[in-house]
Amino acid sequence: MPTAGNRKAGATPFYAHIVGWGMAVPETVMTNDDLATFVDTNDDWIRSRTGIRERHIASERESTATLGLKAAQAALECADILPIELDLVIVATSTPENIFPSTASLIQDRLGATRAGAFDLSAACSGFVYGVNMASQAIRTGSIQTALVIGAETMSRVMNWQDRNTCVLFGDGAGAVVLRAGEDEGGVLSAVLRSDGGGADLLGIPTIGSVDTLGMLDNGHTMHKMHMNGSEVFKFATRVIGESILQAVDLAGITMNELRLIVPHQANERIIQAAARHLKIDPTLFVTNLDRYGNTSAASIPIALCEAVQTGRVKMGEHLAFVGFGGGLTWASMIVKWSAPQSVDQTLLKRQRRQFSYTLARWRAALRRISRRINDFFGALNPARRRLARLRRKIDAIDTI
Ligand code: COA
């Protein structure tokens, strides 16, 4: 792994190319009619005000990490790289498995990405664009070569299912991209990241460190459940999408006419249409799939990107924009020159090595659990414990599969 210090002055700059992508959504689908059976709403209202028809909801056995892991594996498959090649794993999420350890660390472990750093990033629905920018900057400075950026959410776990103002809007899912250093011009060209904490009360999920926990605030918020001022968020979103895309286009040194596709955060069909009017562009330039997934927060942009690539809407050499907005308030736009071929010729050997890496990661985790139990039971000097520790060290050492 090169470090910034290894880069010679005047060396050819690295570009951060998106070379793999993947997505995962839970199997269970909840339609608007399903929702209407337990909350006072109806299909007609939800469709006409938001464009949403249905959303995917995580089962008891699914979580932010399991969905993120599946999306990550699909992205590694697509890029045809090994987990061991990853230098960094970032998970953008508002519904992490824990405050710590990070969901990124859990996924890093389950992949067997034993040479990667990992952290979660909290920027609500803008998180994926923030994460891709962090990873691409690290690549461009030469600090790392390969990064995995995941947007993953189980929004269903932070919904108040009696609150029709919010529960009809959100869904669960995950999307991921692999970024890699390359010397050819392209990849992430520009990014505009913004925040206005003055709007913090418009959209949020209070949690453990909050003054709300102490019952100090009489604001009607419920711990670990989402609250939202829909109309104010609507106005904010329609304003910042257009503004930040124009800024990112300018920074990338291109014109709006050169943009072939915009992959926006999927919150509301009417927000996207208003943004298109503001930018005076054809609304079909925007990718929309929120009718099938609802708002999956940080996962929505990578899921929409995956579907756009899979349906042939993204072509080599074309410029596209990502734009996210959400709690914080935060918002972010990014211009990418698409540099990935339509498909990669995967090598059988690498596919097998990836599978082996996942199996090895499971073994490593199981051995760790067993050796801890034996340790607790017999104490530190037990021979069985020492043998297990030796076996674990051997498995840990297998990192060049
Ligand atoms: N089903 C039926 N009626 C509903 C409803 C639902 N799920 N939710 C709200 N209503 C009712 C309201 O109670 C209100 O009734 P009233 O007129 O009798 O008081 C009426 O519908 C209109 O409510 P309003 O909030 O003005 O609707 P709206 O057209 O502004 O749409 C949102 C509401 C939430 C869809 C819209 O404001 C929005 O999309 N905001 C942005 C939200 C967002 O994207 N958040 C995430 C950002 S990352």
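Residues numbered from 1 in each chain as written. Predicted model: local features only at pLDDT ≥ 70, side-chain atom pairs only at ≥ 80, totals over all residues. Heavy atoms only, no water.

Colleague: Is there a simple way to think about the domain arrangement of the protein chain in this case?
Modeller: Bring the parts together and some accessible area is lost; that lost area is often taken as the interface size. Under the domain assignment used here, the protein chain contains domain 1 (15–337) and domain 2 (348–399). Taking only C-alpha atoms, the centre of domain 1 and the centre of domain 2 are 35 Å apart. Counting from both sides, the interface comprises 15 residues of domain 1 and, opposite them, 11 residues of domain 2. The junction of domain 1 with domain 2 conceals about 1,200 Å² of combined surface from both sides, 44% of it contributed by carbon and sulfur atoms. The largest contributions to the domain 1 side of the interface with domain 2 come from Glu-77, Leu-82 and Asp-109, which together make up 41% of the buried area. Our count for the domain 1 to domain 2 interface comes out at five salt bridges. Of the charged contacts in the structure, one is a salt bridge between Glu-77 and Arg-351, with a shortest N-O distance of 3.4 Å. (Domains from an automatic or database assignment. Contact = heavy atoms within 4.5 Å. Buried area = accessible area lost by both parts, 1.4 Å probe. Salt bridge = Lys/Arg side-chain N within 4 Å of Asp/Glu carboxyl O.)

Colleague: Help me understand the site of the ligand, please; the structure alone is not making it clear to me.
Modeller: Surrounding the ligand, one finds 23 residues, the nearest of these being Thr-41, Arg-49, Arg-164, Gly-230 and Asn-268. Thr-41 is positioned with one of its side-chain polar atoms (N or O) 2.7 Å from a nitrogen atom of the ligand. Within the side chain of Arg-164, one N or O atom sits 2.9 Å away from an oxygen atom of the ligand. In isolation the ligand offers 960 Å² of accessible surface; the protein chains occlude 71% of this area. Listing elements by their share of the shell around the ligand, those giving two or more residues are α2 (43–50), α6 (164–167), α7 (230–252), α8 (269–279) and β12 (319–326). Among the elements that line the shell around the ligand, the one with the most residues is α7, at four residues. A per-class count over the shell around the ligand returns 10 nonpolar, nine polar and four charged. (Near = heavy atom within 4 Å. Polar contact = N/O pair within 3.5 Å; in protein donor to acceptor, adjacent residues only side chain to side chain. Areas by Shrake-Rupley, 256 points an atom, 1.4 Å probe, with all protein chains shown as cover. Helix = DSSP H or I, 4+ residues; strand = E, 2+ residues; numbered from the N terminus. Nonpolar A, V, L, I, M, F, W, Y, C, P; charged D, E, K, R; others polar.)

Colleague: How should I be thinking about the confidence of the model for the protein chain in this particular structure?
Modeller: Any segment with low pLDDT has predicted coordinates that should not be analysed in fine detail. Overall, the predicted model of the protein chain reaches an average pLDDT of 92, with 92% of residues at or above 70. Segment residues 1–6 is flagged for pLDDT under 50; beyond a separation of four residues in sequence, or across chains, it makes 13 contacts in the model. (pLDDT = per-residue confidence, 0-100.)

Colleague: Explain the sheet that holds strand β11 (residues 259–264) to me, please; I cannot follow it from the model alone.
Modeller: The pairing of strands in a sheet comes from backbone hydrogen bonds and takes either a parallel or an antiparallel form. On the basis of which strands lie adjacent, the open sheet formed by four strands has the order β8-β13-β12-β11 and mixed pairing. Two strands close off the open sheet at either side, each with one partner strand: β8 (187–195) and β11. If you compare each strand with its neighbour and ignore which way they point, the axes differ by 15° on average. Note that β12 and strand β13 (residues 330–337) share eight bridges and pair antiparallel. Residue pairing across strands places Phe-322 opposite Met-334, the latter belonging to β13. (Pairing = 2+ DSSP bridges. Axes fitted to C-alpha atoms, helices over the stretch in contact; angles between N-to-C directions.)

Colleague: I'm lost on the pattern of salt bridges in this one. Help?
Modeller: A pair can form between side chains of opposite charge whenever their charged atoms are brought close. Inspection of the entire model under this criterion finds 14 salt bridges. Here Arg-292 makes a salt bridge to Glu-307, at a shortest N to O gap of 2.8 Å. Of this pair, Arg-292 sits in helix α9 (residues 290–293) while Glu-307 sits in helix α10 (residues 300–310), and the two are 15 residues apart along the sequence. According to the relative accessible area criterion, Arg-292 is partly exposed, its value standing at 29%. (Buried < 20%, exposed > 50% of the residue type's maximum accessible area, 1.4 Å probe, protein only.)

Colleague: Is there a simple way to think about the nonpolar core in this case?
Modeller: Side chains that are nonpolar tend, in soluble globular proteins, to be buried together. With 46 residues, the main nonpolar core has Ile-245, Leu-259, Ile-262, Phe-286 and Phe-325 as its most contacted residues. Within the residue set of this core, elements represented by two or more residues are α7, β11, α8, β12 and β13. Here this core gets nine residues from one element, more than from any other, and that element is α7. Residues within four places of Phe-325 in sequence aside, it is in contact with Cys-125, Ser-126, Phe-236, Ala-237, Val-240, Ile-241, His-265, Ala-267, Ile-271, Thr-330 and Trp-331. Ala-123, Val-129, Val-132 and Met-334 belong to the second-largest nonpolar core, a separate cluster that totals 38 residues. (Core = buried A, V, L, I, M, F, W, Y, C linked by side-chain atoms within 4.5 Å.)

Colleague: How do you make sense of the packing of helix α11 (residues 348–378) against helix α12 (residues 383–397) when you look at a structure like this?
Modeller: Following both chains from N to C, one finds α11 and α12 inclined at 160°, their axes separated by 10 Å at the closest point. As judged from the angle between their axes, α11 and α12 are roughly antiparallel. Here α11 runs over α12; the crossing is left-handed. Every residue of α12 that contacts α11 at Leu-360, Trp-363, Arg-364, Leu-367, Arg-368, Ile-370, Ser-371, Ile-374 and Asn-375 is listed here: Ala-384, Arg-385, Leu-388, Leu-391, Arg-392, Ile-395 and Asp-396. By residue class, the composition of the contact of α11 with α12 is nine nonpolar, two polar and five charged. (Parallel < 35°, antiparallel > 145°, perpendicular 65-115°, else oblique. Left-handed = near helix turned anticlockwise from the far one by under 90°.)

Colleague: When you look at the pairing of β11 in this model, what are you seeing that I'm missing?
Modeller: In the case of a regular strand, side chains alternate between the two sheet surfaces. Across the six residues of β11, five count as buried, placing the element largely inside the fold. Bridging between β11 and β12 involves five bridges; their strand directions are parallel. Each bridged residue has a counterpart across the sheet, and for Leu-259 the counterpart in β12 is His-319.

Colleague: Could you clarify how one ought to interpret a nonpolar patch on the surface in this entry?
Modeller: Taken together, the side chains of Ile-99, Phe-100 and Ile-208 define a hydrophobic patch exposed on the protein surface, amounting to about 400 Å² of accessible area. With respect to the element layout, Phe-100 can be found in the loop between β4 (88–92) and α4 (103–111). Phe-100 sits in the exposed class, given a relative accessible area of 71%. (Patch = residues over 30% accessible without salt bridge, like charges linked within 9 Å, V, L, I, M, F, W, Y side chains within 5 Å.)

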